[in-house]
Amino acid sequence: MFNKLIFKKQQLKFMIFNLIAFTVIFTIFSIIIFGQVQNTLFSKTDEELLSFQEMMTDNNPKGLRLPLKDGDLDRPIPNDERRKNAPNPRMIVIHWDNAGNIRNENEIGTLFYENYLTDYKLDKTTMDKITMTKISELYHFRYILFEDHNDEDEIAYTQLMINVDAEQTIISNFEKLFIIWSVIFIVLSISASFILSKKMMKPIIHSWNKQAEFVENASHELRTPLTIIQNKLELLLTAPQERISDRFENIALSLSETRRLSKLTSDLLTLARADSAETQIMKQSIHIDTFIRSVCTPYKEIAESQDKHFSLNCQSPFTIEADETRLHQLIVILVDNALKYTSENDSIRVKTYGEDQKVVIEVSDTGIGIKEENIQYIFDRFYREDKARTRETGGMGLGLSIAQWIVSMHNGTIHVISNQNKGTTFIVKLQK
Ligand code: ADP
(Lines give C-alpha, C1' and ligand atoms only; values in the text may rest on other atoms or scores of the structure.)
Protein backbone atom coordinates (compact mmCIF):
# COMPACT_ATOMS: atom_id res chain seq x y z
CA MET A 1 0.00 0.00 0.00
CA PHE A 2 2.78 2.38 1.08
CA ASN A 3 4.92 1.32 -1.90
CA LYS A 4 2.03 1.90 -4.26
CA LEU A 5 1.74 5.47 -3.00
CA ILE A 6 5.47 6.07 -3.54
CA PHE A 7 5.27 4.59 -7.04
CA LYS A 8 2.24 6.75 -7.90
CA LYS A 9 4.06 9.88 -6.68
CA GLN A 10 7.17 9.01 -8.67
CA GLN A 11 5.11 8.30 -11.78
CA LEU A 12 3.43 11.70 -11.42
CA LYS A 13 6.87 13.33 -11.15
CA PHE A 14 8.06 11.59 -14.30
CA MET A 15 4.86 12.61 -16.07
CA ILE A 16 5.32 16.28 -15.14
CA PHE A 17 8.99 16.20 -16.23
CA ASN A 18 8.01 14.67 -19.56
CA LEU A 19 5.23 17.18 -20.05
CA ILE A 20 7.57 20.11 -19.32
CA ALA A 21 10.16 18.67 -21.72
CA PHE A 22 7.56 18.22 -24.48
CA THR A 23 6.14 21.72 -23.96
CA VAL A 24 9.58 23.39 -24.03
CA ILE A 25 10.54 21.52 -27.22
CA PHE A 26 7.20 22.33 -28.89
CA THR A 27 7.34 26.00 -27.89
CA ILE A 28 10.90 26.48 -29.19
CA PHE A 29 10.01 24.62 -32.38
CA SER A 30 6.86 26.73 -32.91
CA ILE A 31 8.65 30.02 -32.25
CA ILE A 32 11.32 29.10 -34.81
CA ILE A 33 8.75 28.00 -37.43
CA PHE A 34 6.54 31.03 -36.81
CA GLY A 35 9.48 33.43 -37.06
CA GLN A 36 10.71 31.72 -40.23
CA VAL A 37 7.27 31.87 -41.90
CA GLN A 38 6.88 35.56 -41.01
CA ASN A 39 10.40 36.40 -42.22
CA THR A 40 10.02 34.53 -45.48
CA LEU A 41 6.61 36.03 -46.21
CA PHE A 42 7.73 39.61 -45.64
CA SER A 43 11.30 39.32 -46.93
CA LYS A 44 10.41 40.09 -50.58
CA THR A 45 8.23 43.06 -49.59
CA ASP A 46 10.91 44.45 -47.28
CA GLU A 47 13.57 44.03 -49.95
CA GLU A 48 11.43 45.97 -52.44
CA LEU A 49 10.80 48.75 -49.93
CA LEU A 50 14.50 49.11 -49.14
CA SER A 51 15.62 48.99 -52.79
CA PHE A 52 13.14 51.64 -53.77
CA GLN A 53 14.16 53.80 -50.81
CA GLU A 54 17.78 53.51 -51.97
CA MET A 55 16.77 54.60 -55.46
CA MET A 56 14.97 57.64 -54.13
CA THR A 57 17.68 58.79 -51.79
CA ASP A 58 21.25 59.83 -52.57
CA ASN A 59 22.45 56.76 -50.77
CA ASN A 60 22.38 54.52 -53.84
CA PRO A 61 25.23 52.03 -53.57
CA LYS A 62 23.62 49.53 -55.93
CA GLY A 63 23.44 52.15 -58.72
CA LEU A 64 19.69 51.76 -59.01
CA ARG A 65 17.77 54.37 -60.93
CA LEU A 66 14.31 55.76 -60.58
CA PRO A 67 11.91 54.75 -63.33
CA LEU A 68 12.10 57.05 -66.25
CA LYS A 69 9.30 59.57 -66.78
CA ASP A 70 8.21 61.20 -70.02
CA GLY A 71 10.42 64.17 -70.55
CA ASP A 72 13.44 62.63 -68.83
CA LEU A 73 14.93 61.93 -72.23
CA ASP A 74 14.42 63.89 -75.46
CA ARG A 75 13.12 60.79 -77.22
CA PRO A 76 9.99 58.72 -76.55
CA ILE A 77 10.79 56.14 -73.87
CA PRO A 78 10.17 52.53 -74.89
CA ASN A 79 8.02 50.55 -72.47
CA ASP A 80 10.63 47.95 -71.52
CA GLU A 81 13.12 50.75 -70.70
CA ARG A 82 10.50 52.50 -68.60
CA ARG A 83 9.68 49.30 -66.70
CA LYS A 84 13.29 48.42 -66.02
CA ASN A 85 13.50 50.21 -62.71
CA ALA A 86 9.79 50.65 -62.04
CA PRO A 87 8.65 49.60 -58.60
CA ASN A 88 6.30 46.73 -57.86
CA PRO A 89 2.81 47.89 -58.89
CA ARG A 90 1.73 47.17 -55.29
CA MET A 91 4.02 50.00 -54.08
CA ILE A 92 2.38 53.30 -53.08
CA VAL A 93 4.59 56.35 -52.72
CA ILE A 94 3.32 59.12 -50.41
CA HIS A 95 5.10 62.46 -50.16
CA TRP A 96 4.41 64.41 -46.96
CA ASP A 97 5.25 68.02 -46.28
CA ASN A 98 6.52 69.26 -42.97
CA ALA A 99 2.98 70.02 -41.75
CA GLY A 100 1.94 66.41 -42.29
CA ASN A 101 -0.08 66.97 -45.50
CA ILE A 102 0.05 64.61 -48.41
CA ARG A 103 1.54 66.41 -51.43
CA ASN A 104 0.97 63.89 -54.21
CA GLU A 105 -2.74 62.97 -54.07
CA ASN A 106 -2.82 62.98 -57.87
CA GLU A 107 -0.03 60.43 -58.20
CA ILE A 108 -1.58 58.15 -55.58
CA GLY A 109 -4.91 58.14 -57.30
CA THR A 110 -7.96 60.13 -56.25
CA LEU A 111 -10.04 57.07 -55.44
CA PHE A 112 -7.51 55.54 -53.10
CA TYR A 113 -6.63 58.88 -51.58
CA GLU A 114 -10.21 59.90 -50.86
CA ASN A 115 -11.29 56.53 -49.60
CA TYR A 116 -8.38 55.68 -47.36
CA LEU A 117 -5.78 58.37 -46.88
CA THR A 118 -7.83 61.45 -45.89
CA ASP A 119 -7.71 60.39 -42.24
CA TYR A 120 -4.26 58.85 -42.41
CA LYS A 121 -1.73 60.75 -40.30
CA LEU A 122 2.00 61.10 -40.63
CA ASP A 123 3.67 59.07 -37.89
CA LYS A 124 7.29 60.06 -37.36
CA THR A 125 7.98 57.69 -34.48
CA THR A 126 9.51 55.01 -36.70
CA MET A 127 11.74 56.64 -39.25
CA ASP A 128 13.90 54.54 -41.65
CA LYS A 129 12.52 51.34 -40.23
CA ILE A 130 10.15 48.90 -41.90
CA THR A 131 6.89 49.01 -39.94
CA MET A 132 3.45 47.41 -40.12
CA THR A 133 0.37 49.65 -40.26
CA LYS A 134 -3.35 49.32 -40.80
CA ILE A 135 -5.38 51.62 -42.98
CA SER A 136 -9.10 52.02 -42.21
CA GLU A 137 -8.57 49.32 -39.58
CA LEU A 138 -8.83 46.84 -42.43
CA TYR A 139 -5.92 46.84 -44.84
CA HIS A 140 -2.44 45.85 -43.81
CA PHE A 141 0.56 47.67 -45.16
CA ARG A 142 4.26 47.49 -44.64
CA TYR A 143 6.00 50.82 -45.02
CA ILE A 144 9.20 52.73 -44.63
CA LEU A 145 9.27 56.46 -43.88
CA PHE A 146 12.32 58.60 -44.54
CA GLU A 147 13.31 62.24 -44.81
CA ASP A 148 13.27 63.60 -48.34
CA HIS A 149 13.60 66.97 -50.09
CA ASN A 150 12.53 68.08 -53.50
CA ASP A 151 13.75 71.10 -55.42
CA GLU A 152 11.04 73.38 -54.04
CA ASP A 153 11.49 71.96 -50.55
CA GLU A 154 7.77 71.24 -50.27
CA ILE A 155 8.32 67.57 -49.54
CA ALA A 156 9.80 66.74 -46.19
CA TYR A 157 9.14 62.98 -45.92
CA THR A 158 8.51 60.12 -48.28
CA GLN A 159 6.60 57.00 -47.25
CA LEU A 160 6.80 53.84 -49.35
CA MET A 161 3.94 51.42 -48.69
CA ILE A 162 3.11 47.94 -49.91
CA ASN A 163 -0.17 46.17 -49.24
CA VAL A 164 0.46 42.87 -47.44
CA ASP A 165 -3.11 41.65 -46.90
CA ALA A 166 -2.36 38.34 -48.63
CA GLU A 167 0.66 37.69 -46.41
CA GLN A 168 -1.28 38.78 -43.32
CA THR A 169 -4.11 36.35 -44.18
CA ILE A 170 -1.58 33.53 -44.42
CA ILE A 171 -0.14 34.52 -41.02
CA SER A 172 -3.53 34.72 -39.31
CA ASN A 173 -4.52 31.36 -40.81
CA PHE A 174 -1.24 30.00 -39.56
CA GLU A 175 -1.97 31.43 -36.11
CA LYS A 176 -5.40 29.75 -36.05
CA LEU A 177 -3.85 26.46 -37.15
CA PHE A 178 -1.18 26.91 -34.55
CA ILE A 179 -3.77 27.32 -31.77
CA ILE A 180 -5.69 24.23 -32.93
CA TRP A 181 -2.48 22.20 -33.11
CA SER A 182 -1.40 23.45 -29.69
CA VAL A 183 -4.61 22.09 -28.17
CA ILE A 184 -4.14 18.76 -30.00
CA PHE A 185 -0.51 18.73 -28.91
CA ILE A 186 -1.41 19.34 -25.26
CA VAL A 187 -3.82 16.39 -25.29
CA LEU A 188 -1.27 14.22 -27.10
CA SER A 189 1.60 15.17 -24.85
CA ILE A 190 -0.43 14.50 -21.70
CA SER A 191 -1.23 11.01 -22.99
CA ALA A 192 2.35 10.46 -24.19
CA SER A 193 3.74 11.65 -20.83
CA PHE A 194 1.39 9.31 -19.00
CA ILE A 195 2.38 6.31 -21.16
CA LEU A 196 6.09 7.17 -20.96
CA SER A 197 6.05 7.67 -17.20
CA LYS A 198 4.31 4.31 -16.82
CA LYS A 199 6.98 2.71 -19.01
CA MET A 200 9.73 4.41 -16.98
CA MET A 201 8.23 3.11 -13.74
CA LYS A 202 8.04 -0.49 -14.98
CA PRO A 203 11.75 -1.38 -14.54
CA ILE A 204 11.84 0.52 -11.23
CA ILE A 205 8.86 -1.41 -9.84
CA HIS A 206 10.32 -4.64 -11.22
CA SER A 207 13.72 -4.17 -9.54
CA TRP A 208 12.05 -2.92 -6.35
CA ASN A 209 9.98 -6.09 -6.18
CA LYS A 210 13.01 -8.22 -7.00
CA GLN A 211 14.99 -6.51 -4.27
CA ALA A 212 12.18 -6.99 -1.75
CA GLU A 213 11.89 -10.65 -2.78
CA PHE A 214 15.67 -11.03 -2.47
CA VAL A 215 15.72 -9.57 1.06
CA GLU A 216 12.79 -11.78 2.07
CA ASN A 217 14.44 -14.93 0.67
CA ALA A 218 17.79 -14.02 2.20
CA SER A 219 16.31 -13.47 5.65
CA HIS A 220 14.40 -16.74 5.36
CA GLU A 221 17.58 -18.62 4.37
CA LEU A 222 19.51 -16.99 7.20
CA ARG A 223 16.83 -17.73 9.78
CA THR A 224 16.71 -21.50 9.22
CA PRO A 225 20.36 -22.32 10.08
CA LEU A 226 20.33 -19.74 12.88
CA THR A 227 17.28 -21.42 14.46
CA ILE A 228 18.93 -24.83 14.17
CA ILE A 229 22.16 -23.58 15.77
CA GLN A 230 20.22 -21.83 18.55
CA ASN A 231 18.18 -24.99 19.32
CA LYS A 232 21.25 -27.20 19.38
CA LEU A 233 23.16 -24.81 21.64
CA GLU A 234 20.20 -24.50 24.01
CA LEU A 235 20.02 -28.28 24.15
CA LEU A 236 23.71 -28.42 25.02
CA LEU A 237 23.13 -25.89 27.80
CA THR A 238 20.52 -28.12 29.43
CA ALA A 239 23.24 -30.75 30.10
CA PRO A 240 26.45 -28.90 30.96
CA GLN A 241 27.94 -31.89 32.75
CA GLU A 242 27.91 -34.10 29.62
CA ARG A 243 31.01 -34.70 27.50
CA ILE A 244 31.43 -33.45 23.93
CA SER A 245 31.54 -37.00 22.59
CA ASP A 246 28.05 -37.62 24.06
CA ARG A 247 26.63 -34.61 22.24
CA PHE A 248 28.68 -35.05 19.10
CA GLU A 249 25.70 -34.98 16.73
CA ASN A 250 24.41 -31.64 18.02
CA ILE A 251 27.81 -30.04 17.71
CA ALA A 252 28.40 -31.48 14.22
CA LEU A 253 25.02 -30.22 13.03
CA SER A 254 25.64 -26.78 14.49
CA LEU A 255 29.01 -26.69 12.74
CA SER A 256 27.54 -27.73 9.39
CA GLU A 257 24.83 -25.06 9.74
CA THR A 258 27.53 -22.51 10.58
CA ARG A 259 29.38 -23.48 7.41
CA ARG A 260 26.14 -23.13 5.50
CA LEU A 261 25.62 -19.67 7.00
CA SER A 262 29.12 -18.64 6.12
CA LYS A 263 28.70 -19.79 2.49
CA LEU A 264 25.32 -18.06 2.29
CA THR A 265 26.62 -14.73 3.59
CA SER A 266 29.57 -14.83 1.23
CA ASP A 267 27.22 -15.59 -1.73
CA LEU A 268 24.90 -12.79 -0.65
CA LEU A 269 27.86 -10.43 -0.45
CA THR A 270 28.95 -11.41 -3.97
CA LEU A 271 25.45 -10.73 -5.32
CA ALA A 272 25.15 -7.45 -3.42
CA ARG A 273 28.46 -6.36 -4.97
CA ALA A 274 27.23 -7.56 -8.36
CA ASP A 275 24.24 -5.24 -7.99
CA SER A 276 26.36 -2.22 -7.18
CA ALA A 277 27.94 -0.32 -10.06
CA GLU A 278 31.54 -0.98 -8.98
CA THR A 279 33.59 -3.09 -11.35
CA GLN A 280 34.92 -5.97 -9.42
CA ILE A 281 36.99 -7.92 -11.86
CA MET A 282 40.74 -7.78 -12.19
CA LYS A 283 41.72 -9.39 -15.45
CA GLN A 284 44.93 -11.24 -16.08
CA SER A 285 46.20 -13.71 -18.69
CA ILE A 286 45.00 -17.23 -17.99
CA HIS A 287 45.95 -20.36 -19.92
CA ILE A 288 42.58 -22.06 -20.05
CA ASP A 289 43.57 -25.74 -20.13
CA THR A 290 46.17 -25.44 -17.37
CA PHE A 291 43.69 -23.48 -15.26
CA ILE A 292 40.77 -25.91 -15.76
CA ARG A 293 43.00 -28.90 -14.93
CA SER A 294 44.14 -27.33 -11.66
CA VAL A 295 40.59 -26.36 -10.62
CA CYS A 296 39.13 -29.78 -11.46
CA THR A 297 41.77 -32.04 -9.90
CA PRO A 298 40.31 -31.99 -6.33
CA TYR A 299 36.80 -32.55 -7.76
CA LYS A 300 38.03 -35.59 -9.66
CA GLU A 301 39.03 -37.10 -6.32
CA ILE A 302 35.72 -36.18 -4.70
CA ALA A 303 33.81 -37.72 -7.64
CA GLU A 304 35.80 -40.92 -7.39
CA SER A 305 35.14 -41.08 -3.65
CA GLN A 306 31.40 -40.92 -4.50
CA ASP A 307 31.72 -43.63 -7.18
CA LYS A 308 31.16 -41.20 -10.03
CA HIS A 309 33.18 -40.99 -13.23
CA PHE A 310 34.96 -37.72 -13.82
CA SER A 311 36.62 -36.97 -17.15
CA LEU A 312 38.55 -33.99 -18.41
CA ASN A 313 38.91 -33.22 -22.09
CA CYS A 314 41.01 -30.10 -22.58
CA GLN A 315 41.44 -28.90 -26.17
CA SER A 316 41.78 -25.20 -25.65
CA PRO A 317 45.49 -24.31 -25.46
CA PHE A 318 44.60 -20.57 -25.49
CA THR A 319 45.20 -17.72 -23.14
CA ILE A 320 42.32 -15.45 -22.23
CA GLU A 321 42.05 -12.27 -20.20
CA ALA A 322 39.90 -13.00 -17.14
CA ASP A 323 39.62 -12.57 -13.40
CA GLU A 324 41.22 -15.71 -11.97
CA THR A 325 39.27 -15.77 -8.68
CA ARG A 326 35.91 -15.27 -10.42
CA LEU A 327 36.68 -17.82 -13.15
CA HIS A 328 37.64 -20.30 -10.43
CA GLN A 329 34.33 -19.56 -8.65
CA LEU A 330 32.43 -20.11 -11.93
CA ILE A 331 33.98 -23.53 -12.60
CA VAL A 332 33.49 -24.57 -8.96
CA ILE A 333 29.77 -23.64 -9.09
CA LEU A 334 29.20 -25.70 -12.25
CA VAL A 335 31.29 -28.73 -11.20
CA ASP A 336 29.82 -28.59 -7.68
CA ASN A 337 26.29 -28.67 -9.15
CA ALA A 338 27.24 -31.57 -11.41
CA LEU A 339 28.37 -33.46 -8.32
CA LYS A 340 25.28 -32.47 -6.32
CA TYR A 341 22.77 -33.56 -8.94
CA THR A 342 24.29 -36.89 -9.92
CA SER A 343 24.19 -40.29 -8.24
CA GLU A 344 26.56 -43.25 -8.04
CA ASN A 345 27.93 -44.43 -11.41
CA ASP A 346 26.90 -41.22 -13.12
CA SER A 347 29.46 -39.38 -15.21
CA ILE A 348 30.71 -35.83 -15.09
CA ARG A 349 32.73 -34.36 -17.92
CA VAL A 350 34.52 -31.04 -18.27
CA LYS A 351 35.50 -30.17 -21.80
CA THR A 352 37.23 -27.12 -23.32
CA TYR A 353 37.68 -26.18 -26.96
CA GLY A 354 38.02 -23.17 -29.24
CA GLU A 355 35.17 -21.96 -31.45
CA ASP A 356 35.58 -18.92 -33.74
CA GLN A 357 36.96 -16.18 -31.54
CA LYS A 358 35.73 -17.88 -28.37
CA VAL A 359 36.83 -20.37 -25.77
CA VAL A 360 34.13 -22.84 -24.80
CA ILE A 361 33.95 -24.56 -21.41
CA GLU A 362 31.38 -27.35 -21.17
CA VAL A 363 30.43 -28.97 -17.87
CA SER A 364 28.10 -31.92 -18.41
CA ASP A 365 26.71 -34.67 -16.27
CA THR A 366 24.43 -37.67 -16.59
CA GLY A 367 22.47 -36.78 -13.46
CA ILE A 368 18.86 -35.96 -12.67
CA GLY A 369 18.57 -33.17 -15.25
CA ILE A 370 16.17 -30.24 -15.11
CA LYS A 371 12.51 -30.23 -16.14
CA GLU A 372 12.07 -28.32 -19.40
CA GLU A 373 9.55 -25.90 -17.89
CA ASN A 374 11.98 -25.01 -15.08
CA ILE A 375 15.05 -24.29 -17.20
CA GLN A 376 14.01 -20.63 -17.57
CA TYR A 377 14.18 -20.11 -13.78
CA ILE A 378 17.47 -21.76 -12.85
CA PHE A 379 19.49 -18.52 -13.11
CA ASP A 380 17.03 -16.69 -10.80
CA ARG A 381 18.20 -15.94 -7.27
CA PHE A 382 17.11 -18.51 -4.69
CA TYR A 383 15.52 -20.71 -7.32
CA ARG A 384 15.80 -24.41 -6.53
CA GLU A 385 13.96 -27.03 -8.51
CA ASP A 386 13.59 -29.38 -5.58
CA LYS A 387 13.73 -27.48 -2.31
CA ALA A 388 13.79 -30.55 -0.05
CA ARG A 389 16.61 -32.19 -1.95
CA THR A 390 18.78 -29.08 -2.19
CA ARG A 391 18.56 -28.55 1.55
CA GLU A 392 20.25 -31.95 1.89
CA THR A 393 22.89 -31.05 -0.70
CA GLY A 394 23.43 -27.61 0.80
CA GLY A 395 22.20 -25.67 -2.25
CA MET A 396 20.58 -22.29 -1.71
CA GLY A 397 19.77 -21.38 -5.29
CA LEU A 398 22.40 -18.66 -5.58
CA GLY A 399 25.17 -20.50 -7.43
CA LEU A 400 23.89 -20.09 -10.98
CA SER A 401 22.94 -16.42 -10.42
CA ILE A 402 26.56 -15.79 -9.42
CA ALA A 403 27.79 -17.88 -12.38
CA GLN A 404 25.67 -15.83 -14.77
CA TRP A 405 26.97 -12.57 -13.30
CA ILE A 406 30.61 -13.73 -13.61
CA VAL A 407 30.10 -14.69 -17.26
CA SER A 408 28.40 -11.39 -18.07
CA MET A 409 31.26 -9.46 -16.41
CA HIS A 410 33.56 -11.20 -18.90
CA ASN A 411 31.24 -10.38 -21.83
CA GLY A 412 30.57 -14.08 -22.32
CA THR A 413 27.46 -16.25 -22.48
CA ILE A 414 26.15 -19.21 -20.50
CA HIS A 415 23.58 -21.71 -21.79
CA VAL A 416 22.10 -24.89 -20.47
CA ILE A 417 20.93 -27.99 -22.25
CA SER A 418 19.12 -30.41 -20.00
CA ASN A 419 16.91 -33.46 -20.19
CA GLN A 420 15.16 -34.71 -17.10
CA ASN A 421 16.74 -37.94 -15.89
CA LYS A 422 19.29 -37.85 -18.70
CA GLY A 423 21.62 -35.13 -17.60
CA THR A 424 22.61 -31.52 -17.91
CA THR A 425 25.22 -29.58 -19.89
CA PHE A 426 26.29 -26.01 -19.10
CA ILE A 427 28.07 -24.25 -21.97
CA VAL A 428 30.13 -21.18 -21.15
CA LYS A 429 31.60 -19.12 -24.01
CA LEU A 430 34.25 -16.49 -23.30
CA GLN A 431 36.12 -14.14 -25.65
CA LYS A 432 39.60 -15.41 -26.61
P1 ADP B 1 21.81 -24.60 -5.81
O2 ADP B 1 22.68 -24.04 -4.80
O3 ADP B 1 20.45 -24.96 -5.33
O4 ADP B 1 22.44 -25.66 -6.60
P5 ADP B 1 22.02 -23.09 -8.20
O6 ADP B 1 21.71 -21.65 -8.48
O7 ADP B 1 23.43 -23.51 -8.40
O8 ADP B 1 21.54 -23.37 -6.75
O9 ADP B 1 21.10 -23.98 -9.10
C10 ADP B 1 19.72 -23.69 -9.18
C11 ADP B 1 18.92 -24.92 -9.46
O12 ADP B 1 19.23 -25.39 -10.78
C13 ADP B 1 19.24 -26.06 -8.55
O14 ADP B 1 18.50 -26.01 -7.38
C15 ADP B 1 18.86 -27.25 -9.39
O16 ADP B 1 17.49 -27.51 -9.31
C17 ADP B 1 19.18 -26.80 -10.81
N18 ADP B 1 20.49 -27.30 -11.27
C19 ADP B 1 21.64 -26.64 -11.34
N20 ADP B 1 22.63 -27.41 -11.83
C21 ADP B 1 22.09 -28.61 -12.08
C22 ADP B 1 22.59 -29.84 -12.61
N23 ADP B 1 23.85 -29.99 -12.98
N24 ADP B 1 21.72 -30.87 -12.74
C25 ADP B 1 20.45 -30.74 -12.40
N26 ADP B 1 19.89 -29.60 -11.88
C27 ADP B 1 20.71 -28.54 -11.74
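Residues numbered from 1 in each chain as written. Predicted model: local features only at pLDDT ≥ 70, side-chain atom pairs only at ≥ 80, totals over all residues. Heavy atoms only, no water.

Let us now look at the overall build of the chain. Helix and strand content of the chain: ten helices and eleven strands. By the burial criterion, 37% of the 432 residues in the chain qualify as buried. In the chain, of all internal contacts separated by at least 6 residues, the share reaching a separation of at least 24 is 65%. Carbon together with sulfur atoms contributes 56% to the accessible area of the chain, which is approximately 26700 Å² in total. (Helix = DSSP H or I, 4+ residues; strand = E, 2+ residues; numbered from the N terminus. Buried < 20%, exposed > 50% of the residue type's maximum accessible area, 1.4 Å probe, protein only. Contact = heavy atoms within 4.5 Å. Areas by Shrake-Rupley, 256 points an atom, 1.4 Å probe, with all protein chains shown as cover.)

A word on a negative patch on the surface. Taken together, the side chains of Glu372, Glu373, Glu385 and Asp386 define an acidic patch exposed on the protein surface. Looking at the secondary structure, you find Glu385 in the loop between strand S9 (358-365) and helix H9 (387-393). Overall, the relative accessible area of 33% leaves Glu385 in the partly exposed class. (Patch = residues over 30% accessible without salt bridge, like charges linked within 9 Å, V, L, I, M, F, W, Y side chains within 5 Å. Salt bridge = Lys/Arg side-chain N within 4 Å of Asp/Glu carboxyl O. Lys, Arg positive; Asp, Glu negative; His and termini not counted. Charge placed at Lys NZ, Arg CZ, Asp CG, Glu CD.)

Moving on, we come to the site of the ligand. Taken together, 19 residues sit near the ligand, with Asn337, Lys340, Tyr341, Asp365 and Leu400 positioned nearest. One of the backbone N or O atoms of Met396 is found 3.0 Å from an oxygen atom in the ligand. Take Thr424: an N or O atom from its side chain is 3.3 Å from a nitrogen atom of the ligand. If the ligand stood free it would expose 540 Å²; the protein chains cover 97% of that surface. Considered class by class, the residues forming the shell around the ligand number eight nonpolar, seven polar and four charged. (Near = heavy atom within 4 Å. Polar contact = N/O pair within 3.5 Å; in protein donor to acceptor, adjacent residues only side chain to side chain. Nonpolar A, V, L, I, M, F, W, Y, C, P; charged D, E, K, R; others polar.)

Before going further, it helps to spend a moment on the pattern of salt bridges. This model, assessed by the stated rule, comprises twelve salt bridges. Here Glu242 ties to Arg247 by a salt bridge, and the two come within 3.1 Å at their closest N and O atoms. A single network of salt bridges, built from pairs that share partners, joins Glu221, Glu257, Arg260 and Arg384.

Below, the discussion takes up the pairing of strand S8 (residues 347-355). Strand direction decides the pairing type here: strand S6 (residues 309-315) and S8, joined by seven bridges, are parallel. Within S8, the position partnered with Phe310 by the bridge is Ile348. Inspection of the sheet shows S8 paired to S9 by eight bridges, in the antiparallel sense. Its bridge partner being in S9, Arg349 is matched across the sheet by Ser364. (Pairing = 2+ DSSP bridges.)

Here the UniProt-annotated "transmembrane region" (unreviewed entry) positions come out as residues 12-34 and 178-196. Its end C-alpha atoms 32 Å apart, residues 12-34 is made of 100% helix and 0% strand. Between the first and last C-alpha atoms of residues 178-196 the distance is 25 Å; the span itself is 100% helix and 0% strand. (UniProt positions renumbered as here; feature names shortened; annotations may be inferred.)

Ordered by their spatial adjacency, five strands build an open sheet running S6-S8-S9-S11-S10, and the pairing between neighbours is mixed. Two strands close off the open sheet at either side, each with one partner strand: S6 and strand S10 (413-419). This sheet shows a mean twist of 10 degrees between the axes of neighbouring strands, independent of strand direction. Of the strands in this sheet, S6, S8 and S9 are in contact with helix H7 (residues 288-305), which crosses S6 at around 175 degrees. Packed onto the sheet, helix H10 (residues 399-409) meets S10 and strand S11 (423-431) and runs at close to 140 degrees relative to S10. (Axes fitted to C-alpha atoms, helices over the stretch in contact; angles between N-to-C directions.)

This brings us to the sheet that holds strand S1 (residues 91-96). What the four strands build is an open sheet, ordered S1-S4-S3-S2; its pairing is antiparallel. Among the strands making up the open sheet, the edge pair consists of S1 and strand S2 (131-135). Here the average twist between neighbouring strands, direction ignored, is 35 degrees. Strand direction decides the pairing type here: strand S3 (residues 139-147) and strand S4 (residues 157-163), joined by seven bridges, are antiparallel.

Take unusual backbone geometry next. For residues that are not glycine, phi is negative in most cases, and the peptide bond is trans in most cases. The phi dihedral of Ser136 is positive, around 55 degrees, even though this residue is not glycine. Note that Ser136 resides in the loop between S2 and S3. Even without glycine at this site, Asp307 takes up a positive phi of about 60 degrees. As for its placement among the helices and strands, Asp307 is situated in the loop between H7 and S6.

Scored by pLDDT, the chain has a mean of 87; 89% of the residues are at 70 or more. In the model, residues 60-66 has pLDDT below 50 throughout and makes 16 contacts with residues more than four positions away in sequence or in other chains. (pLDDT = per-residue confidence, 0-100.)

So, on to the packing of aromatic side chains. Taken as a whole and judged by the stated rule, the model has nine aromatic pairs. Between the aromatic rings of Phe26 and Phe178, the centroid separation amounts to 6.2 Å while the plane-to-plane angle is 5 degrees, which identifies the pairing as stacked. A residue pair is termed long-range when its members are at least 10 positions apart, and Phe26 in helix H1 (residues 2-56) and Phe178 in helix H5 (residues 165-238) qualify at 152 residues. Pairwise contacts between aromatic rings join Phe26, Phe34, Phe174, Phe178 and Phe185 into one cluster. Over the ring of Phe42 we find Arg142, and its NZ or CZ is 4.2 Å from the ring centre. (Phe/Tyr/Trp six-rings, centres within 6.5 Å; stacked < 30°, edge-to-face > 60°. Lys NZ or Arg CZ within 6 Å of the ring centre and 35° of its normal.)

Here a disulfide denotes one covalent bond, and it connects the sulfur atoms of two cysteines. For the structure shown, the criterion picks out zero disulfides. With no disulfide partner, Cys296 has as its closest neighbouring cysteine sulfur the one in Cys314, 7.2 Å distant. (Disulfide = S-S within 2.5 Å.)

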